[in-house]
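Letter by letter, the chains look like this.
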Amino acid sequence: MTAYPYWIAIAIMCLGLHTMMAHRNLLKKAVGMTIFQTAIILFFLVMSIKRGATLPIVSAGVSDPAAYMNPLPHALMLTAIVVMVATSGVALAILVQLYARYGTLEEDAIAQQIAGEDVPAA
Amino acid sequence: MTRTQLAILPVLVPLIGALLQPIAAVWTRRLASPLAALTAVTSASVAVVGVIEVMRRGTIRYAVGGWEPPWGIEIVLDPLSAYTLAVTALISAVSVLAVGAPVHRLYGDDAPVYYALVLLFVAAVHGMVVSGDLFNVFVFLEVSAISSYALIASGGGSALIAAFRYVVMGTIGASFYLLGVGCLYAITGTLNMADLHGRLPALTSSSVYHGGVAFLLVGLAVKMGLFPLHGWVPEAYGRAPSAAAAVVAAIGTKAAAYVVARLLFSVLPPTSAMGAVLLAAGSLAVLTGAVQAVRQVQPSRLLAFSSISQIGYIAIGLGLGGRGGLLAAYLLITGDAIAKAGLFLLLAQREGKPRAAISRASLPAFTAAALLGASVAGLPPTIGFFAKWQLLVAAWSAGHAWVIAVAIAGSLLALVYIYRFVAGFWAVTADDSAWWRRALIVAPLGLALGGVAAGLANAWLGALVAGAVRGGQ
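Keep in mind the model is a prediction, meaning the values are calculated, not measured.

Enquirer: Would you explain the overall build of chain B in this entry?
Expert: Across its full length, chain B holds 19 helices and 2 strands. Within chain B, the fraction of its 473 residues that count as buried is 63%.

Enquirer: Even after reading the chapter, I still don't get the nonpolar core, so can you show me in this structure?
Expert: Within soluble globular proteins, side chains that are nonpolar tend to cluster in buried spots. Grouped together as the largest cluster of nonpolar side chains are 200 residues, with contacts concentrated most on Leu98(A), Tyr114(B) and Leu318(B). For this core, the leading source of residues is helix α11 (residues 242–267) of chain B, giving 20 residues. Beyond its immediate chain neighbours, meaning those up to four positions away, Tyr114(B) contacts Val99(B), Val103(B), Tyr107(B), Leu151(B), Ala243(B), Ala244(B) and Val247(B).

Enquirer: Would you take a moment to explain the interface of chain A and chain B for this structure?
Expert: Listed as interface residues are 37 residues of chain A and, on the opposing side, 31 residues of chain B. Taking both partners together, chain A and chain B bury about 2800 Å²; carbon and sulfur atoms supply 83% of that area. Counting every contact that joins chain A to chain B gives 1 salt bridge. There are 3 residue pairs in polar contact (both at pLDDT 80 or more) connecting chain A and chain B. Of all the elements in the fold, those that place two or more residues in the side of chain A that touches chain B are α1 (4–22), α2 (26–48), α3 (72–102) and α4 (107–121) of chain A. Per-element accounting of the side of chain A that touches chain B gives the leading share, 17 residues, to α3(A). By residue class, the composition of the side of chain A that touches chain B is 28 nonpolar, 5 polar and 4 charged.

Enquirer: Whenever I open this one, unusual backbone geometry confuses me. Can you help?
Expert: Across the junction of Phe227(B) and Pro228(B), the peptide omega takes the value 0°, indicating a cis bond. Tracing the chain through its elements places Pro228(B) in the loop between α9 (207–224) and α10 (232–239).

Enquirer: What is the right way to read α9(B) from this model?
Expert: The periodicity of an α-helix, 3.6 residues per turn, causes residues three or four positions apart to be oriented the same way. Residue and element names in this part refer to chain B. The end-to-end C-alpha separation of α9 is 26 Å, in line with the 26 Å expected for 18 residues at 1.5 Å each. Taken together, the buried positions of α9 are occupied by Tyr209, Gly212, Val213, Leu216, Leu217, Gly219, Leu220, Ala221, Val222, Lys223 and Met224. Where α9 begins, the side chain of Ser206 points an oxygen toward the backbone nitrogen of Val208, at a separation of 3.1 Å.

Enquirer: What exactly am I supposed to notice about the environment of Arg3(B) here?
Expert: All names here are of chain B. You can see Arg3 is positioned in the segment before α1 (9–25). When the C-alpha atoms of Arg3 and Tyr149 are compared, they prove to be 35 Å apart, with 146 residues separating the residues in sequence. Non-local contacts of Arg3, meaning those with residues more than four positions away in its chain, are made with Glu53, Arg57, Gly58, Thr59 and Ile60. A polar side-chain atom of Arg3 sits 2.6 Å from a polar atom in the side chain of Glu53. Polar side-chain contacts of Arg3 include one of 3.2 Å to the backbone oxygen of Arg57.

Enquirer: Any chance you could explain the state of the cysteines here in plain terms?
Expert: Defined simply, a disulfide is a covalent bond joining two cysteines at their sulfur atoms. Summed over all chains, the structure comprises 0 disulfides over all chains. Take Cys14(A): it sits in no disulfide, and the sulfur closest to it among the cysteines is that of Cys183(B), at 13 Å. Taking the relative accessible area as the measure of exposure, Cys14(A) reaches 47% and is therefore partly exposed.

Enquirer: Is there a simple way to think about the packing of α9(B) against α11(B) in this case?
Expert: All names here are of chain B. α11 packs onto α9 with a crossing angle of 155° between their chain directions and a minimal axis gap of 8 Å. It follows that α9 is roughly antiparallel to α11 by the angle criterion. Our pair here, α9 against α11, has a crossing hand that is left-handed. Contacts from Leu216, Leu217, Leu220, Lys223 and Met224 of α9 reach α11 at Thr253, Ala256, Ala257, Val259, Val260 and Leu263. Of the residues belonging to the contact of α9 with α11, the class tally is 9 nonpolar, 1 polar and 1 charged.

Enquirer: Even after reading the chapter, I still don't get the pattern of salt bridges, so can you show me in this structure?
Expert: Two side chains that carry opposite charge are able to pair once their charged atoms sit near each other. In the structure shown here, the tally under the stated rule is 14 salt bridges over all chains. For Arg199(B), the salt bridge goes to Asp195(B), with nearest N and O atoms at 3.4 Å. Of the two residues, Arg199(B) and Asp195(B) both sit in helix α8 (residues 193–199), 4 residues apart, roughly one turn of that helix. According to the relative accessible area criterion, Arg199(B) is partly exposed, its value standing at 41%. A salt bridge links Lys254(B) to Asp336(B), with the shortest nitrogen-to-oxygen separation between them at 2.8 Å. Of this pair, Lys254(B) sits in helix α11 while Asp336(B) sits in helix α14 (residues 322–350), and the two are 82 residues apart along the sequence. If you follow the salt bridges from partner to partner, you end up with Arg24(A), Lys29(A), Glu107(A), Asp108(A) and Arg165(B) in one network.

Enquirer: Help me understand the packing of aromatic side chains in this model?
Expert: Describing an aromatic ring pair means giving the distance of the ring centres and the angle of the ring planes. All names here are of chain B. As enumerated under the stated definition, the model contains 14 aromatic pairs over all chains in all. Where Phe385 meets Trp389, the ring centres are 6.3 Å apart and the plane angle is 20°; that geometry is what we call stacked. Of this pair, Phe385 and Trp389 are both found in helix α16 (residues 383–397), 4 residues apart, which corresponds to roughly one turn of the helix. Each residue in the set Tyr149, Tyr166, Trp232 and Tyr237 is aromatic and connected to the rest through ring pairs, giving one cluster.

Enquirer: Before we go on, may I ask you to explain a nonpolar patch on the surface in this structure?
Expert: Residue and element names in this part refer to chain B. Together, Leu12, Leu15, Ile16, Leu20, Ile23, Val26, Trp27 and Leu31 give the surface a local cluster of nonpolar side chains, amounting to about 790 Å² of exposed area. Locating Ile16 in the fold gives a position in helix α1. Judged by relative accessible area, which is 48%, Ile16 ranks as partly exposed.

Enquirer: I keep staring at the side chain of Thr87(A) and nothing clicks. Help me out?
Expert: Take Thr87(A): it is sitting in helix α3. The contacts of Thr87(A), once residues within four sequence positions are left out, are Met33(A), Gln37(A), Glu142(B), Ile146(B), Tyr149(B), Val167(B) and Thr171(B).

Enquirer: Mind showing me how you'd approach the environment of Val11(B) here?
Expert: Among the structural elements, Val11(B) can be located in helix α1. In this view, Val11(B) contacts Ala123(B), His126(B), Gly127(B), Val130(B) and Phe140(B); residues no more than four positions away in its chain are not counted.

Enquirer: What exactly am I supposed to notice about the pairing of strand β2 (residues 74–77) of chain B here?
Expert: Walk down a regular strand and you will see the side chains alternate between the two sheet faces. All names here are of chain B. Burial along β2 is two-sided: the residues Glu74 and Val76 and Ile75 and Leu77 are all buried. Where strand β1 (residues 60–63) lies against β2, 4 bridges are found, and the strand directions are antiparallel. Paired with Arg61 across the two strands is Val76, which belongs to β2.

Definitions and limits used
- Residues numbered from 1 in each chain as written.
- Chains lettered and ligands numbered in written order.
- Predicted model: local features only at pLDDT ≥ 70, side-chain atom pairs only at ≥ 80, totals over all residues.
- Heavy atoms only, no water.
- Helix = DSSP H or I, 4+ residues; strand = E, 2+ residues; numbered from the N terminus.
- Buried < 20%, exposed > 50% of the residue type's maximum accessible area, 1.4 Å probe, protein only.
- Core = buried A, V, L, I, M, F, W, Y, C linked by side-chain atoms within 4.5 Å.
- Contact = heavy atoms within 4.5 Å.
- Buried area = accessible area lost by both parts, 1.4 Å probe.
- Salt bridge = Lys/Arg side-chain N within 4 Å of Asp/Glu carboxyl O.
- Polar contact = N/O pair within 3.5 Å; in protein donor to acceptor, adjacent residues only side chain to side chain.
- Nonpolar A, V, L, I, M, F, W, Y, C, P; charged D, E, K, R; others polar.
- Expected span 1.5 Å × (residues − 1).
- Disulfide = S-S within 2.5 Å.
- Axes fitted to C-alpha atoms, helices over the stretch in contact; angles between N-to-C directions.
- Parallel < 35°, antiparallel > 145°, perpendicular 65-115°, else oblique.
- Left-handed = near helix turned anticlockwise from the far one by under 90°.
- Phe/Tyr/Trp six-rings, centres within 6.5 Å; stacked < 30°, edge-to-face > 60°.
- Patch = residues over 30% accessible without salt bridge, like charges linked within 9 Å, V, L, I, M, F, W, Y side chains within 5 Å.
- Areas by Shrake-Rupley, 256 points an atom, 1.4 Å probe, with all protein chains shown as cover.
- Pairing = 2+ DSSP bridges.

Printed below as a string of structure tokens:
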């Protein structure tokens, strides 16, 4: 039963992946992308959890390293969050431009307009 | 400056150069191009000094921030990474030097944005190459991906949707890679490549290990555009402005291929299953990419499908394994990076010009296109020929005769699509007379001649890579 937090993280991951793949609306794809990335962060953080351990700050009287939680996954995920924010920022900026140009965020409608643009050029 | 700092300078120089672009743009935008050229040339020089230093006195290891590995992040400049670094730094420098005119035409006052993104991309690719830490590779992978999303989207219009689809696919790839890193960290407690190499052989029976390796390779396969995960490549590289593609398409997917090579040969214990998967996926990529390339009417899409096919060759080399396969993979990475940078620079020359201006034939452009194309198709005396020859030798000695048939079929198809591409070059103009505009045509020609020179010097190059392979193991 100790593995169940991992299963929850994987379930959320699949939810995000499904949203990215199945939805035809680009904004919903971006939302799915955020859910997917957050689930991976959760997956890493679950690894550092230890029952009965204390914060990873050296305190007097606790010399056993096993008595501390592992701070490294947290540090890694801080970096991953920054990466995630930057990716979401670029994705949203592209969506703003797409909406300004095509007036919709439905993938099929945009693809139709692009097909219309491509034909005269060829 | 001490010797160890040579390892990190090729990352820092373009990074600082990228930051200087918006600062300089506050008072003048005319400095953007010279500043970018200076940055790119400096980083290329540092990379070349690095490769000479590593050849003479051995591997350089740099502990970032003074934190000793395996706790801190380690930057490793060994023969393999130094060689790859020099190749990518030189190619990106040539591209940055040559794109001045088209960038001015396409971006106008926004040129500093283009240069900042390109330099950021170059810094990140260099970071991926020299990093000795799995998580650090993820960070650089994403920095390079984010700058290429923005560069592709800068084409506007249909490039926007291509860029968005690339964001979605690229994020899935990066997240799978990260998941794989998490799995390996969970069982070993380390992220340092050398440390992992020592610990993993004892853990190969663990299912977490197999899951982690699968996640790592699927994630990187998306990033390198390997069949069947190549769906984003033709749209992203086909619709990107050619000035951007000259850098992004030339070294983007190859950097991911380099990381796969690193993982297979310096981190993971040898396994046969991985090789079989890479061989199968690579062979299918060679054939489907080439068949699709033959059917294209748009030159940039033709090159994008050609890249899918060439990535297939690289995957075959990695799948064959051993010293021969790895040597072939490195020669193929070098050859295709040179060829794609040159061919996209040729496209950049006429991009954004009115149709009427494209009239007169240009002999240098035609020569460059023909030589670079010969390298893609694998004709002597270019590097492409020696790389593919090396691949055939490796395939023969590994007992995979069918791979030889696939590789030759791919090359014959490449002849067809390259003929179609080169034939189009009789219609390219050389109407710009200013010498700095002519630099644009000098660059692809220079790359083409570089490809020939590398081909003729293949024995030396082979010895260098073979030495590097021994050093890397």
